[in-house]
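Chains, contacts and geometry: an overview
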Amino acid sequence: MNSQDQAAFIDSMWRDEIVPTLVDYIRIPNKSPAFDPDWAAHGHMDRAVDLFAGWAKAKLQALPGATLEVVRLPERTPVILIEIPGSDPSSEDRVLLYGHLDKQPEMVGWLEGYGPWIPRIEGDKLYGRGGADDGYAMFAALAAILSLARAGKPHARCVILIEACEESGSDDLPYYVEHLAGRIGDPSLVVCLDSGCGNYDQLWLTTSLRGTFATNMTVRVLTEGVHSGDASGVVPSSFRLTRQIISRLEDEVTGAIKPESLHVQVPAERIAQARIAAAALGEQVHGKFPFTPGMKPVSDDLTELVLNRTWRPQLAVTGAEGMPEFANAGNVLRPYTGVRLSLRLPPTLDADAALATVEKLLTENPPYGAEITLEHLEASAGWNAPKLAPWLETSLDAASKAAFGREPAYMGEGGSIPFMAMLGERFPQAQFVVTGVLGPHSNAHGPNEFLHIPTGRRVTHVVARVLSDHQARLAT
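The structure displayed is predicted, hence computed values, not measured ones. (Residues numbered from 1 in each chain as written. Predicted model: local features only at pLDDT ≥ 70, side-chain atom pairs only at ≥ 80, totals over all residues. Heavy atoms only, no water.)

**Quick notes on the sheet that holds strand S9 (residues 211–220)**
Convention followed: Any two strands are treated as partners once DSSP identifies two or more bridges connecting them. Every helix listed is a DSSP run of H or I at least four residues long, and every strand listed is a run of E at least two residues long, numbered separately from the N terminus. Here, axes are lines fitted to C-alpha atoms. For helices the fit covers the stretch in contact, and angles between N-to-C directions go from 0 to 180 degrees. The criterion used for residue contact is that any of the two residues' heavy atoms lie within 4.5 Å.
Strand order in this open sheet of four strands is S11-S13-S9-S14, and the pairing throughout is antiparallel. On the outer flanks of this sheet lie strand S11 (314–321) and strand S14 (371–380), each paired with one strand and no other. Taking the axes of each pair of neighbouring strands and ignoring which way they run, one obtains an average angle of 20° across the sheet. The strands touched by helix H8 (residues 238–249) within the sheet are S9, S11, strand S13 (336–345) and S14, with S13 carrying the most contacts at an inclination of about 15°. Along the sheet, helix H12 (residues 351–363) makes contact with S9, S13 and S14, crossing S14 at roughly 170°.

In structure tokens form, the structure reads like this:
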């Protein structure tokens with residue numbers, strides 16, 4: 001099989017097998033445990049695992065010695081572990097390929113006729129929850145390996161790990177990584193397919209990921225609501241105090257996070273890459289977002305916008321309690337205001353230190369002696385990729401040009417993949433390829449999420465090339 005035949009094989013797998021299977025997968029409401037505490041009883045996660053495992057087992061027949069196991073530790077979500085022997089049985093070298101199959105919740109705002117569990121193909125797009133984040137990953141990884149086997153191209157031992165708890169912070173994954181340590185081994189290359197892309201025109205490599213801090217903060221001023229005409233001017237508004245406390249953390253005019261201890265020095269290499277990425281994307285840096293008419297981004301400097309979303313701490317209020325809807329909003333001074341605070345942390349910031357800083361900042365010296373409680377405090381570290389080895393940089397450049405017709409681009413992502421920080425610490429000598437298909441308007445976690453099918457195919461081509469070059473480097 002030549003390179004053209006290998007590419008045709010991958011494309012046919014996507015057309016005839018991967019996309020139809022992803023259609024079935026989108027129909028399954030297998031929400032991550034944080035959004036479905038009764039996931040085990042509901043059985044949706046098991047349905048998704050069975051779908052993935054069934055498809056993969058049929059393909060493994062073409063890979064002698066390959067095995068698949070659904071591993072289940074007590075009281076934890078399952079993982080799928082696929083082990084594929086390398087071309088050289090005497091070599092200990094191996095590659096770890098990662099993805100997940102759990103999903104975010106429904107979210108409101110889907111267009112009429114669309115929905116999280118309603119697969120819909122329109123042109124190059126497959127709409128529905130989970131196809132791009134991150135259901136396609138196992139299929140792409142396995143298709144890439146199968147294409148090498150059919151072409152007679154050698155590759156190292158490959159371990160594919162698909163978890164079911166990523167959208168809940170990968171709480172179960174450390175236990176599996178420890179439990180399966182002997183089978184995972186010490187990979188020299190880690191491929192993660194759970195990231196984003198700045199456009200659909202070239203390969204995008206993720207160079208960093210932000211960490212997270214989150215908590216539910218409640219500011220209580222009364223034991224029950226009272227008439228606002230009677231109490232206003234006497235009892236401080238819980239909303240005003242909430243706003244005041246948040247302003248300790250965030251400048252409400254600029255959005256800048258105030259404590260210097262929550263910032264880091266951005267590496268010069270990442271600033272240079274941000275400039276290149278901003279030039280490649282142009283106004284798409286902010287144009288991909290559904291701004292209301294007349295709304296503008298926080299800066300006109302495109303490089304600053306890239307750095308803001310990848311290396312600088314940023315706050316979002318993602319939920320609220322204690323505030324009735326308009327139709328039920330009587331003349332009552334409410335007893336409390338609750339907000340869900342989500343703070344993105346710089347990639348290299350110590351998450352535990354950040355948690356201690358923010359917890360103290362929000363709770364010390366409460367205004368007017370208000371009762372402030374923080375519940376469900378969570379913090380996770382970010383990740384900064386190690387420098388690319390020359391062979392890998394060359395491979396990625398060639399793979400991007402072959403698959404996309406353009407050189408690759410490098411940029412940090414504003415989101416988090418908890419698995420990466422864990423692996424970066426556990427395997428400090430490994431090389432990392434972190435990429436994905438979540439490009440403009442794909443809207444992961446939100447309404448109208450879609451998978452851009454051609455990008456999924458092209459990323460599969462890239463993975464195949466990198467796996468082949470990874471093995472070939474041993475001969476040089």
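Here the narrative resumes.
**What to know about the nonpolar core**
Threshold: Only buried residues count toward a nonpolar core, which is a set of Ala, Val, Leu, Ile, Met, Phe, Trp, Tyr and Cys residues joined through side-chain atoms within 4.5 Å. Categorising residues by exposure relies on relative accessible area from a 1.4 Å probe, with only protein chains included: less than 20% of the type maximum marks a residue as buried, more than 50% marks it as exposed, and the intermediate range marks it as partly exposed.
In terms of nonpolar packing, the biggest core is built from 71 residues, with Trp 14, Ile 84, Leu 97, Leu 101, Ile 160 and Leu 396 touching the most fellow members. Excluding residues within four positions of it along the chain, Leu 97 makes contact with Ala 141, Ile 145, Cys 158, Val 159, Ile 160, Leu 161, Val 191, Val 463 and Leu 467. Ranked by size, the runner-up nonpolar core spans 26 residues in total, among them Leu 173, Leu 209, Trp 383 and Met 420.

**What about the sheet that holds strand S1 (residues 67–71)?**
Judged by pairing direction, the sheet is mixed, and its six strands sit side by side in the order S1-S2-S6-S3-S7-S17 without closing on themselves. At either margin of the open sheet sits one strand with a lone partner, and together these are S1 and strand S17 (431–438). Here the average twist between neighbouring strands, direction ignored, is 20°. In this structure, strand S7 (residues 189–196) lies alongside S17, joined through six bridges in parallel fashion. Pairing of Val 190 across the sheet is with Phe 432, part of S17. Sitting on the sheet, helix H3 (residues 44–60) touches S1 and strand S2 (79–84), and the angle it makes with S1 is about 165°. Where helix H4 (residues 131–151) meets the sheet, it contacts S2, strand S3 (94–100), strand S6 (157–163), S7 and S17, and its direction lies at approximately 150° from that of S3.

**Here's the deal with the packing of aromatic side chains**
Spelled out, the test is: By convention, a stacked pair of Phe, Tyr or Trp rings (six-membered ring in the case of Trp) has centres within 6.5 Å and planes under 30 degrees apart, an edge-to-face pair has planes over 60 apart, and any other such pair is tilted. For a ring to carry a charge above it, either NZ of a lysine or CZ of an arginine must fall within 6 Å of the ring centroid while also lying within 35 degrees of the normal to the ring plane.
Per the counting criterion, the structure on display carries six aromatic pairs. Look at Tyr 114 and Tyr 127: their rings are 5.0 Å apart centre to centre, the planes differ by 75°, and that puts the pair in the edge-to-face class. Of this pair, Tyr 114 sits in the loop between S3 and strand S4 (120–122) while Tyr 127 sits in strand S5 (residues 125–127); the two residues are 13 residues apart in sequence, bridging distant segments of the chain. Tyr 127 shares its class with Tyr 114; the two are buried. Connected via pairs of aromatic rings, a cluster forms that spans Tyr 25, Phe 52, Trp 55 and Phe 139. Against the face of Tyr 175 rests Arg 76, its NZ or CZ located 3.5 Å from the ring centre. If you follow Lys 125 out to its NZ or CZ, it ends over the ring of Phe 450, 4.7 Å from the centre.

**Here's the deal with the packing of helix H1 (residues 3–26) against H3**
Spelled out, the test is: The cut-offs work like this: below 35 degrees is roughly parallel, past 145 is roughly antiparallel, 65 to 115 is roughly perpendicular, and the gaps in between are oblique. With the far helix as reference, a near helix turned anticlockwise by less than a right angle produces a left-handed crossing, and one turned clockwise produces a right-handed crossing.
At a minimum axis separation of 10 Å, H1 and H3 run at an interaxial angle of 160°. With respect to H3, the element H1 is oriented roughly antiparallel. Of the two elements, H1 crosses H3, and the hand of that crossing is right-handed. Contact residues: Met 13, Glu 17, Ile 18, Thr 21, Asp 24 and Tyr 25 in H1; Ala 48, Leu 51, Phe 52, Trp 55 and Lys 59 in H3.

**Points about the environment of Val 23**
On the secondary structure map, Val 23 appears in helix H1. Considering only alpha carbons, one finds Val 23 and Leu 126, 103 residues apart in sequence, at a separation of 7.9 Å. Val 23 has contacts with Pro 119, Ile 121 and Leu 126, leaving out every residue within four places of it along the chain.

**Some details on the packing of H1 against H4**
Each pair of packed helices can be described by the angle between their axes along with the distance between the axes. The condition that has to hold: Note on residue categories: nonpolar means Ala, Val, Leu, Ile, Met, Phe, Trp, Tyr, Cys or Pro, charged means Asp, Glu, Lys or Arg, and polar means any other residue, Gly included.
Contact pair H1 / H4: the axes reach a minimum separation of 10 Å and the direction vectors enclose 150°. Between H1 and H4, the interaxial angle falls into the category roughly antiparallel. The handedness of the crossing between H1 and H4 is right-handed. Between H1, through Gln 6, Phe 9, Ile 10, Met 13, Trp 14, Ile 18, Thr 21, Leu 22, Tyr 25 and Ile 26, and H4, the contact on the second element is made entirely by Gly 131, Gly 135, Tyr 136, Phe 139, Ala 140, Ala 143, Leu 146, Ser 147, Leu 148, Arg 150 and Ala 151. In the contact of H1 with H4, the residues fall into 15 nonpolar, five polar and one charged.

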